[in-house]
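Below are the chains, spelled out letter by letter.
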Amino acid sequence: MRKVTMKLDDLTCPSCMTKIEGALGKKNGVENVKVLFNASKVKAEFDDATVSAEDLATVVTDLGYAVQSSKVKQL
């Protein structure tokens, strides 16, 4: 398992959190999705044999949010 932290550019309301958490939570191999609204960050644990951090960033950008940076850690 790995953990990704993405810094976002466009979080403007609490419904953004729900939208992002829902979309990432539906991806196979993704667990423990958390959007930190005040910090404009998304954190998620994922199985890198099933999905990549780039795949998760694509989900977020497809929703209309810009990913400024992304950090991945091994758990």
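Read on for a plain summary of the structure. Because the structure is predicted, anything quoted here is derived from the model rather than measured.

To continue, consider the environment of Ser15. Mapping Ser15 onto the fold places it in helix α1 (residues 14–25). Sequence-wise, Ser15 and Val59 are 44 residues apart; in three dimensions their C-alpha atoms are separated by 16 Å.

Let us now look at the sheet that holds strand β1 (residues 2–8). With antiparallel pairing, the four strands of this open sheet are ordered in space as β2-β3-β1-β4. Here the strands that pair on one side only, and so sit at the sheet edges, are β2 (30–36) and β4 (67–74). Along the sheet, successive strands turn relative to each other by an average axial angle of 15 degrees, direction set aside. With respect to the sheet, α1 is in contact with β1, β2 and β3 (41–46), its orientation differing from that of β2 by roughly 165 degrees. The strands that helix α2 (residues 53–62) touches are β1, β2, β3 and β4; relative to β1, the one it contacts most, it runs at about 35 degrees.

With that out of the way, let us pick up the pairing of β1. In this structure, β1 lies alongside β3, joined through six bridges in antiparallel fashion. The residue bridging Lys7 from the neighbouring strand is Lys41, located in β3. With seven bridges connecting them, β1 and β4 associate as antiparallel partners. Considered in β4, the bridge of Arg2 is made with Gln74.

Conventions adopted
- Residues numbered from 1 in each chain as written.
- Predicted model: local features only at pLDDT ≥ 70, side-chain atom pairs only at ≥ 80, totals over all residues.
- Heavy atoms only, no water.
- Helix = DSSP H or I, 4+ residues; strand = E, 2+ residues; numbered from the N terminus.
- Pairing = 2+ DSSP bridges.
- Axes fitted to C-alpha atoms, helices over the stretch in contact; angles between N-to-C directions.
- Contact = heavy atoms within 4.5 Å.

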